[in-house]
2 protein chains.
Amino acid sequence: MRDACIGVDVGGSKIHVGVVNREGQILATRRAPTEIERGAAALVETIATLAEQCCDEASVAPLAVGVGIAGQIDTRAGVVRSSPNLPELREVALGLRLGERLQCRVIITNDLRAIARGEWRFGAGRGVSDLVVLFIGTGVGGAVITGGQPLVGAGGFAGELGHMPIVANGRKCHCPGRGCVEAYVSGWALAARAAELLALHPEHTPAFSSAHGVVTAHDLAGAFAAGDMLAESIIAEAAQHLGAALVGITNVFNPARIVLGGGVLEGLPHLVHLAKKTLERDSIAVSYNRVELVHSALGSEAGVIGAATWSWDELVLENP
Amino acid sequence: MRDACIGVDVGGSKIHVGVVNREGQILATRRAPTEIERGAAALVETIATLAEQCCDEASVAPLAVGVGIAGQIDTRAGVVRSSPNLPELREVALGLRLGERLQCRVIITNDLRAIARGEWRFGAGRGVSDLVVLFIGTGVGGAVITGGQPLVGAGGFAGELGHMPIVANGRKCHCPGRGCVEAYVSGWALAARAAELLALHPEHTPAFSSAHGVVTAHDLAGAFAAGDMLAESIIAEAAQHLGAALVGITNVFNPARIVLGGGVLEGLPHLVHLAKKTLERDSIAVSYNRVELVHSALGSEAGVIGAATWSWDELVLENP
């Protein structure tokens, strides 16, 4: 039987589970909607079922399970302390519950910290010691590796780049704050801004309203390509905010590389193109000269590969 | 003869030089205006003269000299790459020139990185491994210690907390950027905002215009205490921006302690009082619960003690 770990990526809208070997290759994978409104018990059951299906398909008994979750994760206690986009998971001992259900060692961590580990080891972050990872999907997550070490912080909650304010006293975020990066460039923020502008311009025949009522990055990209003016202005506005975030990241961390990923950036490549101009114009020159902006190499599998790699590192190799 | 190093703090408006022993005690000290418009050669001469005076007074031959400068410093090459508030120092080999003049080993570094070392070893940062230092004077400088290590970055320029944008596409900063923390809360920004508001309200008899034409934190504090409404609104506005900066720092670094200092914060304690309310309301709870806001313990001597401590560490102890 092959050695493998399970990686689980719990996002605001999707759960992604995979069996991953020590070389970071996915042997089997399953996805399901998060449906967090069904509660924590249902989430544990969904993850466990997907994990069992993957293990059956790949014919492996997993050595460990790594779970990455968008939120403030107490890895040592195995507890989700809070999660702006999954509020039902507040103070949930997800590690313990999933470990009991699967009868396997489980480690939980912040989703972006897992992704950064995956990109650093197997993806677009290979070979550098100063790396920032920024993913824009439903929410905005970040993680930092500095001087070859993950940025952890006093309680383990460091790296929340999506919750840097870029507009003092600005738009309300899903976290307690205002004016955060996430409140301007995340999937939920773009959808809210689109709805707001459509309400303000009822005369506008929206090229980007979608059948299911929520405008996605994909809808906006299509409308933008078709020359829709509202889509253009939404994207230009978001790019200005993403640009400010990249300037802050560059000036504060002086990274060798920034790895960008997530559904919104994959769906709206023009957003990064515009934000780069702000980065070039506004950041401190000596830091700008050293930074490379690259796309995630692991793409939509970054979360699963990263979480599994995390469990390999922390549970299998460190504590065999 | 006693063992001692020289610490030099080169700020936007003042140079401060001191002889410091290994316990972080100042044995003699001198100050002079920076007068950077006289050029780099005059700056080197001023620093050297002050250093010689201090050494005479304390009767020491220094083991090494440490210099902290507000700007992007290439410590290995001994070169100031750039400095938003001392533009004349662009690409100046200050370390080499000062070493030749003083016939002594010299190390140069970012002023806040030196201050953080001083506060960490001898001041308000003792005992914690996750520390952020934010000083607001003429400009705004920052430095970070994370997991017991200084945040350095790929080129050594990390920690520029004063140049995080907190207002996307906002006020022009002295750095290439817009909307930076420094453009809203620094000494120069408060003076500019005061001038702007006084021009807008010619009917206002300013309680805070000063004889020398530039409004200082001290002038504003006096006017605020006397109930001046313009001073009140300038301070409230700055506090909102400082609050956003503290939220970003707390969410991104999850520090155990934030050490605040510098002339503007010393002159305007009310600014921190107001900004704390934003920090409490807006930051991610698990990170807010862990952070202490404290004042610099080394105060106006932090730069000199820090720079001297840096030279002790890097030149005397590491390379005796």
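Each remark here, short or long, concerns the structure printed above.
Residues numbered from 1 in each chain as written. Chains lettered and ligands numbered in written order. Predicted model: local features only at pLDDT ≥ 70, side-chain atom pairs only at ≥ 80, totals over all residues. Heavy atoms only, no water.

### Observations regarding the relation of the copies chain A and chain B
Definition in use: The copies were overlaid by least squares, fitting only the C-alpha atoms of residues that reach a pLDDT of 70 or more in each copy. In this analysis, two residues are considered to be in contact whenever any of their non-hydrogen atoms come within 4.5 Å of each other.
For the match of chain A to chain B, the screw axis carries a shift of 0.0 Å, the RMSD comes to 0.0 Å, and the turn is 180 degrees. Taken together, the rotation angle and the small translation identify this as a two-fold axis. Of the residues that chain A buries at the interface, 100% are likewise interface residues in chain B, meaning the two copies contact each other through the same surface.

### Let's talk about the pairing of strand 9 (residues 140-146) of chain B
Residue and element names in this part refer to chain B. Rule in force here: To sort residues, take the accessible area from a 1.4 Å probe on protein chains only and compare it with the maximum for the residue type: under 20% means buried, over 50% means exposed, and anything in between is partly exposed. Helix and strand definitions here come from DSSP, where helices need a minimum of 4 consecutive H or I residues and strands a minimum of 2 consecutive E residues; each element is numbered from the N-terminal end. The criterion for strand pairing is that DSSP finds at least two bridges linking the strands in question.
Most of strand 9 is tucked away: seven of the seven residues are buried. Going residue by residue along strand 9, you find Val 140, Gly 142, Val 144 and Thr 146 tucked away on one face and Gly 141, Ala 143 and Ile 145 tucked away on the opposite face as well. As paired strands, strand 8 (residues 131-136) and strand 9 are joined by six bridges and run antiparallel to one another. Bridge pairing links Val 133 to Ala 143 in strand 9. As judged from the two bridges shared by strand 9 and strand 10 (residues 149-150), these two strands associate in the antiparallel manner. Bridging from a neighbouring strand, Ile 145 pairs with Pro 150 of strand 10.

### Here's the deal with helix 6 (residues 217-225) of chain A
Residue and element names in this part refer to chain A. Inclusion rule: Taking the helix axis as origin, the arc is that swept by the directions to the C-beta atoms.
Among the residues of helix 6, Ala 217, Asp 219, Leu 220 and Ala 223 are the ones counted as buried. For helix 6, the angular spread of the buried residues around the axis is 160 degrees, confining them to a single face. Across helix 6 from its buried face, at more than 90 degrees, point the exposed residues His 218 and Ala 225. Phi turns positive one or two residues past the end of helix 6, at Gly 227, with a value near 85 degrees.

### Topic: the interface of chain A and chain B
Applicable threshold: Values labelled buried area give the accessible surface lost by two parts on being combined, using a 1.4 Å probe and summing over both. Salt bridges are defined by distance alone: a side-chain nitrogen of Lys or Arg within 4 Å of a carboxyl oxygen of Asp or Glu. Two N or O atoms form a polar contact when they lie within 3.5 Å of each other; inside protein one atom must be a possible hydrogen donor and the other a possible acceptor, and for residues adjacent in sequence the pair counts only when both atoms belong to side chains.
The interface is formed by 45 residues belonging to chain A together with 45 residues belonging to chain B. Summed over both partners, the interface of chain A with chain B comes to about 3,500 Å²; 62% of that surface belongs to carbon and sulfur atoms. Among the residues of chain A in contact with chain B, A:Ala154, A:Val252 and A:Ile284 are the three that bury the most area, contributing 16% of the side total. At the junction of chain A and chain B, the tally comes to zero salt bridges. Inspection of the region where chain A meets chain B yields 21 residue pairs in polar contact (both at pLDDT 80 or more). Of all the elements in the fold, those that place two or more residues in the side of chain A that touches chain B are strand 6 (79-82), helix 7 (229-253), helix 9 (269-282) and helix 10 (285-288) of chain A. Per-element accounting of the side of chain A that touches chain B gives the leading share, eight residues, to helix 7 of chain A.

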